[in-house]
Amino acid sequence: DYPLSGRVELAVQPSRAAEFTLRLRVPYWSRRTRVAVNGRGVAGAEPGTYLALRRRWRRGDRVRVELDLSPHFWAGAGECAGRASIYRGPVLLAFDHRYNLHLAAGRDPQIREIDGWKGQTDCMLALPTLEAEGLRLRRAAWRDWLPPALLLAARDAEGRTVRLCDYGSAGEAGTPYVTWLPVRGAPSADFSPGNPLRTARPAGRK
C-alpha cells in the first residue's frame, strides 16, 4: 500500500534463471532504507541513488524494500515564515478542520493574510504549533463517513492531539485546510537536483 506504508515487495519471475542487474531507486527523502533479497540484508542503499543488485536471479526470488517515512520539513519564507510544510515520505500532510474539531478555540488571525480565505476565515480553527524535533506521527483511525486515504496523529507543543491527513484527501468534505503550519525548529534546506522539495530533518533526526 505504498505510499501509505514504506514497505515494497518485488517478486522476480524470469522465464529461466539468468544473471542481470536490478536497479532500485532510493528516494532522496528516505534516509534509512533497508533492502533484503530472499530475507538477507543488502548494504549500499543511499538516498537519491539507484541500488544495483547484480546476481543470478531465479523464479521466486523476492526483494523487500523498507523506506524511511519519518517526517521531513519544507521551511516557509516570506509570508509563510515561521511555518513549514510537513511531508511523510513523498506525501504532503494537511491540517483539515474536519479532523480537528476538538481544537475549536477561535480562528487563526493570520490565515486571511496567508491563504486568501477571505470571509471564510471565521470558521477556521486556530492552528496548533508543532515541534519539528521529536515529532512523532502515528496512524489514526477515522470511523466517520468519507475517511481519508491517510490520517496521522501527533502531539502539538501543548500536548494536544492533532490530526493530519494526506493532501489528496484534504477538503473532501468541504472543510477548510492548510498545509503551512506553525512548526518550531523546522530546518531549512536549499533547492538542489538531489533535494527538489528543499526539505530537511532536524539535526537530531538524520
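The shown structure was predicted, so the numbers you read here are calculated from the model rather than taken from an experiment. (Residues numbered from 1 in each chain as written. Predicted model: local features only at pLDDT ≥ 70, side-chain atom pairs only at ≥ 80, totals over all residues. Heavy atoms only, no water.)

**Student:** Before we go on, may I ask you to explain the environment of Arg98 in this structure?
**Tutor:** Here Arg98 lies in the loop between strand E9 (91-96) and helix H1 (111-115). When the C-alpha positions of Arg98 and Gly174 are compared, they lie 8.8 Å apart, and in sequence the two are 76 residues distant. In contact with Arg98, other than residues within four places in its own chain, are Trp142, Trp145, Leu146, Ala173 and Thr175. Only 2.8 Å separates the side chain of Arg98 from the backbone oxygen of Leu146, close enough to count as a polar contact. (Helix = DSSP H or I, 4+ residues; strand = E, 2+ residues; numbered from the N terminus. Contact = heavy atoms within 4.5 Å. Polar contact = N/O pair within 3.5 Å; in protein donor to acceptor, adjacent residues only side chain to side chain.)

**Student:** I keep staring at the side chain of Asn100 and nothing clicks. Help me out?
**Tutor:** Structurally, Asn100 can be placed in the loop between E9 and H1. Separated by 3.0 Å, the side chain of Asn100 and the backbone oxygen of Asp96 make a polar contact. Here the side chain of Asn100 touches Arg163 through a polar contact of 2.8 Å, landing on its backbone nitrogen. If near-sequence neighbours (up to four positions away) are discounted, Asn100 is found in contact with Phe95, Leu125, Val162 and Arg163.

**Student:** In this structure, what is going on with the packing of aromatic side chains? I would like to understand it.
**Tutor:** In this description, a pair of aromatic rings is defined by centroid distance and the angle of the planes. Within this structure, the stated rule accounts for four aromatic pairs. The interplanar angle of 70° and the centroid separation of 5.9 Å between the aromatic rings of Trp74 and Trp180 together place this pair among those described as edge-to-face. Highlighted residues: Trp74 in strand E7 (residues 71-75) and Trp180 in the loop between strand E14 (177-178) and strand E15 (181-184), separated in sequence by 106 residues. Given the relative accessible area of 22%, Trp74 is considered partly exposed. The aromatic ring of Trp57 is capped on one face by Arg55, whose charged end is 5.1 Å from the ring centroid. Just above the ring of Trp145 sits the side chain of Arg98; from NZ or CZ to the centre is 4.8 Å. (Phe/Tyr/Trp six-rings, centres within 6.5 Å; stacked < 30°, edge-to-face > 60°. Buried < 20%, exposed > 50% of the residue type's maximum accessible area, 1.4 Å probe, protein only. Lys NZ or Arg CZ within 6 Å of the ring centre and 35° of its normal.)

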